[in-house]
Amino acid sequence: MNLMHIATIFLSLVVLSYQDFPFRNVSLSWDDRVDDLVSRLTLQELTLQMSKGGAGINGPAPAIDRLGIGPYQWDTECLHGDVDQNATAFPQSIGLAAAWSRDLIYSVAKGISQAVRANHNAYIKKHSYITYSGVSCFAPMINIMRDPRWGRNQESYGEDPHLTGILSTGYVKGLQGDHPRYVRASATCKHFNVHGGPENIPVSRFSFDSKVTMRDWRTTFLPAFRHCLGAEPLAVMCSYNSINGIPACANDYLLTNILRNEWGFKGYVTSDEEAVENIIKYHHYFNNSIDCAAAVANAGVCIEISGSRDKDEILMHIPQAVAEGKLTIDTLRERVKHLYYTRMRLGEFDPPEMNPYNYLTTSVIEDEAHRNLALEAAMKSFVLLKNDGLLPFAQTKYKKIAIVGPMSNNAALLNGDYATAVDRHFVTTPYEALDMLSYETSYADGCNDTHCMQYNADDVKSAVTDADVVFICIGLGTPVEAEYNDRPDVELPGYQAQLIEDSVKYSGSAKVVLITFNAGPVNITWADMNPRVSAIIAAFYPGQATGIGLLNAMTDHTMPKFGRLPYTWFYSADQVPPIVNYTMVDRTYRYTTKQPLYPFGYGLTYGIFVYSQLTYKQEINAGDSQSGQVMVANRAEF
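Residues numbered from 1 in each chain as written. Predicted model: local features only at pLDDT ≥ 70, side-chain atom pairs only at ≥ 80, totals over all residues. Heavy atoms only, no water.

The next subject is the overall build of the protein. Secondary structure summary: the protein contains 20 helices and 14 strands in total. In terms of C-alpha radius of gyration, the protein reaches 26 Å, essentially the compact-globule figure of 26 Å for 638 residues. Its C-alpha atoms give the protein principal-axis dimensions of about 85 × 60 × 55 Å. Taken across its 638 residues, the protein has 59% of its residues classed as buried. Within the protein, contacts between residues separated by at least 24 positions form 78% of all contacts whose residues are at least 6 apart in sequence. Accessible surface, the protein as shown: approximately 25000 Å² in total, 52% of it carbon and sulfur. (Helix = DSSP H or I, 4+ residues; strand = E, 2+ residues; numbered from the N terminus. Rg over C-alpha atoms; globule rule 2.2 N^0.38 Å. Buried < 20%, exposed > 50% of the residue type's maximum accessible area, 1.4 Å probe, protein only. Contact = heavy atoms within 4.5 Å. Areas by Shrake-Rupley, 256 points an atom, 1.4 Å probe, with all protein chains shown as cover.)

A separate point is the domain arrangement of the protein. Considered domain by domain, the protein is made up of domain 1 (22-364) and domain 2 (382-567). For domain 1 versus domain 2, the distance between C-alpha centres works out to 36 Å. At the interface, 39 residues of domain 1 touch 33 residues of domain 2. Counting the surface lost from both domain 1 and domain 2, the interface buries some 2800 Å², and carbon and sulfur atoms represent 56% of this. A per-residue breakdown of the area domain 1 buries against domain 2 is headed by Ala89, Arg149 and Gln154, which together make up 20% of the total. Run the count over domain 1 and domain 2 and you get 2 salt bridges. Here Glu483 ties to Arg152 by a salt bridge, and the two come within 3.3 Å at their closest N and O atoms. Counting across the domain 1 and domain 2 interface gives 26 residue pairs in polar contact (both at pLDDT 80 or more). (Domains from an automatic or database assignment. Buried area = accessible area lost by both parts, 1.4 Å probe. Salt bridge = Lys/Arg side-chain N within 4 Å of Asp/Glu carboxyl O. Polar contact = N/O pair within 3.5 Å; in protein donor to acceptor, adjacent residues only side chain to side chain.)

As for its position among the elements, Gln114 is in helix 5 (residues 102-125). Looking at Gln114, its side chain comes within polar contact range of the side chain of His370, at 2.7 Å. Look past the residues within four positions of Gln114 in its chain and what remains in contact with it is Arg184, Leu360, Val364 and His370.

Attention now moves to the pairing of strand 1 (residues 188-192). Most of strand 1 sits inside the fold, with 5 of its 5 residues counted as buried. Bridge count for strand 1 against strand 3 (residues 235-238) is 3 bridges, and the pairing is parallel. Paired with Phe192 across the two strands is Cys238, which belongs to strand 3. (Pairing = 2+ DSSP bridges.)

Here we take up the state of the cysteines. Throughout the structure, instances matching the rule amount to 4 disulfides. With a sulfur-sulfur separation of 2.1 Å, Cys78 is cross-linked through a disulfide to Cys137. For the disulfide bridge between Cys78 and Cys137, the dihedral angle about the S-S bond is near -75°, and by the sign convention the bridge is left-handed. Of the two residues, Cys78 is situated in the loop between helix 3 (43-51) and helix 4 (93-98) and Cys137 in the loop between helix 5 and helix 6 (161-176); the sequence distance between them amounts to 59 residues. The exposure classification of Cys78 matches that of Cys137, with both residues buried. Indicated for the protein is the disulfide connectivity 1-2, 3-4, 5-6, 7-8, based on numbering the bonded cysteines in sequence order. Sulfur of Cys292: no disulfide; nearest cysteine sulfur belongs to Cys249 and is 9.3 Å away. (Disulfide = S-S within 2.5 Å.)

See below:
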């Protein structure tokens, strides 16, 4: 017998011995299997599993070779597509919220997770565990859109806690799938809690302390998360901020009393990236890593997503905390059990052939069903803010149209933040699709970018002259609003307001359609009040089907289209308190005393709807559900 045969026999025996562990016995309950696995881990192994959830060099969670357990990548982003991967670019969350449809978000999340799992399967075959290669998604983002200037409004489902919560259940169920045994991709309800700006104006999110009353906490900031947990997500992410002086990721009242004791949450708690480090670095809540590690683990955090590149993660100091009596091994085992329960539900420790999701391949990426869904979602996400009867277009072809503005042909900005690496072949910009409406199309960006600090009025004038219809595509994009990037106000950046006025001024008698690409509201009062602007569409960030979706929405009488605003569109930032003020007074439609440009729930259609016979319970007890009904009739004639 040669050495090769001996090695083969040895490896076979090792594999067989791994299969003998009870945690691989599929006839046992999940809890029994998890208990068996975690009971075998040493203190150092527990520490590594809790510490190595981060991006880059801080992940993946390392293998445990003696138990036959492989590495696992916890850091994957899937907000409205498989981030940084070749995958369908669906509309950004705020646009999906405008559709007011849990079923649509369910379908989108299902499509997202099919791509996530397919890409993951391809990575596993290559033994690759790089960032964003896993199937544990940091989504949905369900913080309330409490301030129009917040850079991350685009990731939210708007300003209403109930609507946000209901939509989040669609996302969680669509992402995780409906298999009785396995989860397609795991969902994370984030960011927990009282988190909604600022990012960077006027202070950093990393050190911000949200001062909140118990009433506002319970009635505005917690309800969406309680709804989300009803869909049984496998994770919750604690946020960067402190809440009334206590960092969220070290907040025992939040992570233990509310999350686990009141709500019965059984999943794992992950930190936001660097949130644990920031407890020392920015919040100055502790002055050493040992006390910080003990507090975070005792409060309920199961895994640290670290951004450190030149030092150990905070939770790598767990052994010292145990040695000093500040943390017990039993507590650590409880935290790690939640991690391995998730990995088991994802199918990692069962025979591969048992899990149908293991058979998903990259052939599902941008298949016809996903492309059609992206188009449907885009059309339903648009909100028609103004229409004097121009839309839908009576003509299918015009002699000349003009398309102007910095969002007219900028494919990179149509997806919003946390975007996929979508194949450009599947993307249509407004210019590329609306060009089909005319025999001649003139085009001008007008601005060098969406900051629009360099403006070419001559190009705009030349483009709109003698046009029959002018489309003005203005907006913000990630250069102006995004994570790390708040706005100081709600005014259009740079010379974009001037671009709108010049387009109207120099276009003669042309019909004008304004299309805005933004998450938070922008001041378009001039266009709303000007009779020369026939129609206004809020497009948000519609993803890969932007162009063809807009074309269909403005020309097709039959395809479902147009939603309603999931937030209050204020005239100006003067109508809301400072972003650092966490009172709900004068915030959102529930508490504002101001008259906005467009109210929460506003949106036009091509129909003429009549509402009547509204009935509901006149009196209910606190905590009871309200029910009612209304008759809706469409009186439109086409």
